[in-house]
Amino acid sequence: MSASDTASIDVSIVVPVRNEEGNVAPLIAEIAAALDGRWAYEIIYVNDGSTDRTPTLLAELMQSRGNLRRIDHAASSGQSAAVRTGVRHARGGIVATLDGDGQNNPAFLPNLISAIADGGGRVGLAAAQRVGRKDTGFKKFQSRIANKVRNAVLKDGTRDTGCGLKAFRRDVFLSLPYFDGLHRFLPALVRREGFEIAYVDVTDRPRHSGVSNYGFFDRLWVGLMDLAGVWWLIRRKRTTPVATEFK
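Residues numbered from 1 in each chain as written. Predicted model: local features only at pLDDT ≥ 70, side-chain atom pairs only at ≥ 80, totals over all residues. Heavy atoms only, no water.

What about the overall build of the protein?
Point 1. Each helix and strand counted, the protein has 9 helices and 7 strands in total.
Point 2. Going through the 247 residues of the protein one by one, you find that 51% of them count as buried.
Point 3. Long-range pairs, those at least 24 residues apart, make up 79% of the contacts in the protein between residues at least 6 apart in sequence.
Point 4. Here the protein displays about 12000 Å² of accessible surface, and carbon together with sulfur accounts for 54% of that area. (Helix = DSSP H or I, 4+ residues; strand = E, 2+ residues; numbered from the N terminus. Buried < 20%, exposed > 50% of the residue type's maximum accessible area, 1.4 Å probe, protein only. Contact = heavy atoms within 4.5 Å. Areas by Shrake-Rupley, 256 points an atom, 1.4 Å probe, with all protein chains shown as cover.)

Regarding the pairing of strand E3 (residues 68-73)
For a regular strand, side-chain orientation follows a simple rule: the groups alternate between the two sheet faces.
Point 1. As defined by bridge partners, strand E2 (residues 41-48) adjoins E3 across 6 bridges and the pair is classed as parallel. The partner of valine 46 across the bridge, within E3, is isoleucine 71.
Point 2. This β-α-β element, E2 to helix H3 (residues 54-62) to E3, shows right-handed connectivity. (Pairing = 2+ DSSP bridges. Right-handed = clockwise from strand over helix to strand, strands pointing away.)

Structural notes on the sheet that holds strand E4 (residues 94-97)
Point 1. Pairing is mixed in the open sheet, where 7 strands are placed in the order E3-E2-E1-E4-E6-E5-E7. The strands lining the two open edges of the sheet, one partner per strand, are E3 and strand E7 (196-203). For this sheet the average axis-to-axis angle between neighbouring strands, irrespective of direction, equals 20 degrees.
Point 2. Looking at chain direction, strand E5 (residues 123-131) and strand E6 (residues 166-169) are connected through 3 bridges and run antiparallel. Counterpart to alanine 126 in the pairing with E6 is alanine 167.
Point 3. Together, strand E1 (11-17), E2 and E3 form the strand contacts of H3, whose direction differs from that of E3 by roughly 155 degrees.
Point 4. Here helix H4 (residues 79-89) sits on the sheet in contact with E1, E2, E3, E4 and E6, set at roughly 145 degrees to E2. (Axes fitted to C-alpha atoms, helices over the stretch in contact; angles between N-to-C directions.)

Observations concerning the packing of helix H2 (residues 24-35) against helix H5 (residues 109-117)
Point 1. H5 packs onto H2 with a crossing angle of 50 degrees between their chain directions and a minimal axis gap of 9 Å. One way to sum up the angle between H2 and H5 is to call them oblique. Seen from H2, the contacting residues are Ile31, Ala34 and Leu35; seen from H5, they are Leu109, Pro110 and Ile113.
Point 2. In the contact of H2 with H5, the residues fall into 6 nonpolar, no polar and no charged. (Parallel < 35°, antiparallel > 145°, perpendicular 65-115°, else oblique. Nonpolar A, V, L, I, M, F, W, Y, C, P; charged D, E, K, R; others polar.)

With respect to the pattern of salt bridges
Point 1. Inspection of the entire model under this criterion finds 6 salt bridges.
Point 2. Its salt-bridge partner being arginine 69, residue glutamate 42 comes within 3.0 Å of it at the nearest N-O pair. Taken as a pair, glutamate 42 in strand E2 and arginine 69 in strand E3 lie far apart in primary sequence, 27 residues in all. This pair shows no difference in class: glutamate 42 is buried, exactly as arginine 69 is.
Point 3. Note that glutamate 42 and arginine 91 form a salt bridge whose closest N and O atoms lie 3.7 Å from each other. Taken together, the positions of glutamate 42 in strand E2 and arginine 91 in the loop between H4 and E4 put the pair 49 residues apart, joining distant regions of the chain.
Point 4. Sharing partners across several salt bridges, the network here consists of Glu42, Arg69 and Arg91. (Salt bridge = Lys/Arg side-chain N within 4 Å of Asp/Glu carboxyl O.)

By themselves these figures say nothing about function.
Structural data, given as structure tokens:
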């Protein structure tokens, strides 16, 4: 990618993956179909310690797709770490994320990106809310309980924080405190910074191939500790003072 191409990028699509060899090529093709001709964009795959052919396939696809990038983690560090790595390497002012298993439909990316682009600086996050989920009954039960508990404590007004489809301003994301599990608390933390949240209903679909590599919000003890930490961060938020340099 040339220097002029880099300077013109508006949107970065970040996809965290671990062992998703069967989903790489179909998902990239769908992202391109959704975004080509709409924005100048790049696709950043964060290979989170894959042990299958995921990195090889990405390297092959990069030969024909000049806007495809691959960032490698030497060892698997988890979904939050992979998302943050992608955002830090992103060149676009707007970043959109989606899971690498194909359950998130890229056709909804334009709605999410437009919510940020048209938000006039007020909207810091556009979050997808799933309808017609394709997970198992137990996973849906887990997620439903976790969302109810989180919403009761944080009052973030979000019914579903587990969907990987999101768009946000890069600078807003990087201003947030980082911790493992951050991606599940983005609405509450973005509101904490004084920004509005836009919600977009999306339809879920089964993964194309393979098995789940990143867990749901099912590590109860860690989840409760994270919830307590975010509640504390919100309570301790203070107004940023208006500062003027004396000259």
